[in-house]
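Summary of structural features
Here is what each chain is made of, one letter per residue.
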There are 2 protein chains.
Amino acid sequence: MSSFLSDKKTQTLRQYASAPKTPTYLLQKQTETMDEKQFLADYDKRQYDSPLLTVDAVLFTYHEACLKVLLVQRSNHPELGKWGLPGGFVDLIRDITLEDTVLRKLQEKTGIEPPYLEQLQTIGNAQRDKRGWSVTIAYTALMAFQACYAHVATVADAQWLALDTVAEMDLAFDHQAIISLARERLRQKALYSIVPAYALEETFTLPELQALHEALIGKGLQKKSFRRRIEQAELLIDTGEKRSEGGRPAALYKMKKSAGNYTFVRNLED
Amino acid sequence: MSSFLSDKKTQTLRQYASAPKTPTYLLQKQTETMDEKQFLADYDKRQYDSPLLTVDAVLFTYHEACLKVLLVQRSNHPELGKWGLPGGFVDLIRDITLEDTVLRKLQEKTGIEPPYLEQLQTIGNAQRDKRGWSVTIAYTALMAFQACYAHVATVADAQWLALDTVAEMDLAFDHQAIISLARERLRQKALYSIVPAYALEETFTLPELQALHEALIGKGLQKKSFRRRIEQAELLIDTGEKRSEGGRPAALYKMKKSAGNYTFVRNLED
DNA sequence: TAAATAGTGTCTCTCAGACAATATACG
DNA sequence: CGTATATTGTCTGAGAGACACTATTTA
């Protein structure tokens, strides 16, 4: 606490080191607010040439034993006609945060807000967009296929595409690389969390969740190990319902509120 | 592969769905390049009001049994006089990537490039800067204290401050929160990697590294466990040198090239 | 009953935690 | 030698991997 006070003192002193000898406590309030008001009034951020700023989302889902990602076909230059990630510009009036921007864009395409949204990475350089220096803040999102299928079907330029298919396509900008990055990060999460469960319906079976993790990790997992760790961490609630897939019916679970934040201390084998 | 081709076809067809009946393969090349050229010529990104974009770095080091962060005192409005993170605007001419921007800013203050630099998080909202909608791409960086001490001493507005001291200060913008975020992330890394080692000199002892991890985690660690996992993963090179701290001299190690990327499958206790 | 899918029992092996024991400096 | 710090030995326990076994459904 004493270090705090002495730091504040240093701060104030340095700030007005070369100012006239008026008592600091008077000078401070006045000049500070005046100067700042003046500054903000004069300030026009357009005088600084700044990079183009966009927000993009890699929205995954799992449907019919297949990882899919939502793409939209570009209706504007540049890269007109190519498929790419849903995204766009920040609306300085309507959006309060960057998440608002992503959610708004995803809402337009899917009709709903994804239950999982996390910032992935910001990519910015001089070459990724022909218009010049450009920055995109990329997000990873997960949602159930059924929850938005009807709405997506009504949006002419939006479509769920299997990841394997997407890998062969010529996407806009560096969106192919961004998808790879998102997938790799999600693969990691599959090793130490059950975050991928957000790509399933609200209730799901354990074999279903395991299959999703296996698809992400690219390798089979031991049923026993998979169940054991989830049971011990008490991440799921047994709904009591069952779902049959031709054999013994499987128990239907839903996630506990905080299940997405839980991380196992020990990873699954890579 | 066939799905790839059919996708491309869809793409082209959709793109010119309402265009005249000229053969597509002719029409495509022409109109596409023409339109795009025109578009890029007309394009002036300043016509779109976009958020203010900055880059900031949380640069940590470990010196005298103490975690420190490099802060600079602001010499401009807004928040003039307050201490904050080193950072600034992208130089659209000189910087090719966002990393260039951070490295340039850190170079100015420390005289060197940090051996560890990783994107932390991008924070963007309407309130964090009085000038309006503002976005900062925050990075975490680590470097040795000695490597830059001399240069930092020559920079009047830059200073290493202990994290405990910083926690009590009134920093510019949301920099306090960004530092917390960076610290928390580094704490996590201390549980499953030896990334914190980049905050030490190029050669260091194991007790030294352990002390750093303990400072980050906020809890004592078992010497044996700590050494064992590092030895088994073969992350360090024994330089053969020793350093004495009053008792038995400790072996001096340096990191292998890829040691920073290694993650243990099993975390230390939280 | 056979096939299919779900779920369990149990052994092994790896590795972190605990802590005692030993090693090598300096005064 | 006594003190300080570094390094090792070794036991315990948690939890993942392997895989065989049991359970519950449909055809």
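Residues numbered from 1 in each chain as written. Chains lettered and ligands numbered in written order. Predicted model: local features only at pLDDT ≥ 70, side-chain atom pairs only at ≥ 80, totals over all residues. Heavy atoms only, no water.

Chain A goes by NUDIX hydrolase in an unreviewed UniProt entry, where it is assigned to Methylomonas methanica.

1. With respect to the sheet that holds strand E8 (residues 203-205) of chain A
Strands in a sheet are paired, the pairing made by backbone hydrogen bonds, and the direction either parallel or antiparallel. Residues and elements named next belong to chain A. The sheet built from 3 strands is open, its strands ordered E8-E10-E9 with antiparallel pairing. Each end of this open sheet is capped by a strand with a single partner; those strands are E8 and strand E9 (236-243). On average, adjacent strands in this sheet sit at an angle of 40 degrees to one another, irrespective of strand direction. Pairing geometry for E8 and strand E10 (residues 250-255), over 3 bridges, is antiparallel. Bridged to phenylalanine 204 within E10 is tyrosine 253. Those strands touched by helix H7 (residues 206-217) are E8, E9 and E10, and its axis lies near 80 degrees from that of E8. (Pairing = 2+ DSSP bridges. Helix = DSSP H or I, 4+ residues; strand = E, 2+ residues; numbered from the N terminus. Axes fitted to C-alpha atoms, helices over the stretch in contact; angles between N-to-C directions. Contact = heavy atoms within 4.5 Å.)

2. Observations regarding the packing of aromatic side chains
Going through the model one piece at a time under the given rule, you end up with 8 aromatic pairs over all chains. Considering the side-chain rings of tyrosine 262 of chain A and phenylalanine 264 of chain A, the 5.2 Å spacing of their centres and the 80 degrees angle between planes classify their relative orientation as edge-to-face. Centre to centre, the rings of phenylalanine 145 of chain B and tryptophan 160 of chain B are 6.1 Å apart; their planes meet at 45 degrees, and the pair counts as tilted. Taken together, the residues phenylalanine 145 of chain B in the loop between strand E6 (134-142) and helix H4 (146-154) and tryptophan 160 of chain B in strand E7 (residues 158-162) connect sequence positions 15 residues apart. For the pair shown, phenylalanine 145 of chain B and tryptophan 160 of chain B are each scored as buried. Pairwise contacts between aromatic rings join Phe145, Tyr149 and Trp160 of chain A into one cluster. A cation sits over an aromatic face here: arginine 229 of chain A above phenylalanine 264 of chain A, 3.9 Å from the ring centre. (Phe/Tyr/Trp six-rings, centres within 6.5 Å; stacked < 30°, edge-to-face > 60°. Buried < 20%, exposed > 50% of the residue type's maximum accessible area, 1.4 Å probe, protein only. Lys NZ or Arg CZ within 6 Å of the ring centre and 35° of its normal.)

3. A short note on the protein's contact with DNA strand D
Near DNA strand D lie 26 residues; those nearest to it are Arg248 and Glu269 of chain A together with Lys223, Arg248 and Ala251 of chain B. Of what DNA strand D places within 4 Å of the protein, 56% of the atoms are sugar or phosphate. At a separation of 3.0 Å, a phosphate oxygen of DNA strand D approaches a polar side-chain atom of glutamine 222 of chain A. Contact between DNA strand D and arginine 227 of chain B: a phosphate oxygen at 3.0 Å from a side-chain N or O atom of the residue. Looking at the surface near DNA strand D residue by residue, the classes come out as 6 nonpolar, 6 polar and 14 charged. (Near = heavy atom within 4 Å. Polar contact = N/O pair within 3.5 Å; in protein donor to acceptor, adjacent residues only side chain to side chain. Nonpolar A, V, L, I, M, F, W, Y, C, P; charged D, E, K, R; others polar.)

4. What about the pattern of salt bridges?
One pass over the structure, following the stated rule, counts 26 salt bridges over all chains. A salt bridge links glutamate 108 of chain B to arginine 104 of chain B; the shortest N-O distance between them is 3.9 Å. With glutamate 108 of chain B and arginine 104 of chain B both in helix H3 (residues 98-110) and 4 residues apart, the pair spans about one turn of that helix. On the basis of relative accessibility, which here comes to 41%, the residue glutamate 108 of chain B falls in the partly exposed class. Among the residues examined, arginine 104 of chain B registers a relative accessible area of 14% and is labelled buried. Linking aspartate 129 of chain B and arginine 131 of chain B is a salt bridge whose minimum nitrogen-to-oxygen distance equals 2.7 Å. Given the relative accessible area of 15%, arginine 131 of chain B is considered buried. Salt bridges linked by common partners bring Glu79, Lys82 and Asp170 of chain A together as one network. (Salt bridge = Lys/Arg side-chain N within 4 Å of Asp/Glu carboxyl O.)

5. A short note on helix H3 (residues 98-110) of chain A
Compared with an ideal rise of 1.5 Å per residue, which puts 13 residues at 18 Å, H3 of chain A spans 18 Å between its outermost C-alpha atoms and is within 8% of the ideal. If you check which residues of H3 of chain A are buried, you get Leu98, Thr101, Val102, Leu103, Arg104, Lys105, Leu106, Lys109 and Thr110 of chain A. (Expected span 1.5 Å × (residues − 1).)

6. Thoughts on a positive patch on the surface
All names here are of chain A. Residues Lys223, Lys224, Arg227, Arg228, Lys242 and Arg248 make up a contiguous surface patch of positive charge. Counting residues per element, the positive patch draws most heavily on helix H8 (residues 223-233), at 4 residues. For arginine 228, the location among the structural elements is in helix H8. Judged by its relative accessible area of 41%, arginine 228 is partly exposed. (Patch = residues over 30% accessible without salt bridge, like charges linked within 9 Å, V, L, I, M, F, W, Y side chains within 5 Å. Areas by Shrake-Rupley, 256 points an atom, 1.4 Å probe, with all protein chains shown as cover. Lys, Arg positive; Asp, Glu negative; His and termini not counted. Charge placed at Lys NZ, Arg CZ, Asp CG, Glu CD.)

7. A short note on the sheet that holds strand E10 (residues 250-255) of chain B
All names here are of chain B. Reading across the sheet, the 3 strands line up as E8-E10-E9 and stay open at both edges, with antiparallel pairing between neighbours. Taken across any chain shown, the strands that pair with only one partner, and hence form the sheet edges, are strand E8 (204-205) and strand E9 (236-243). The sheet contact formed by E9 and E10 spans 5 bridges and is antiparallel. Among the inter-strand pairings, arginine 243 is bridged to a residue of E10, identified as alanine 250.

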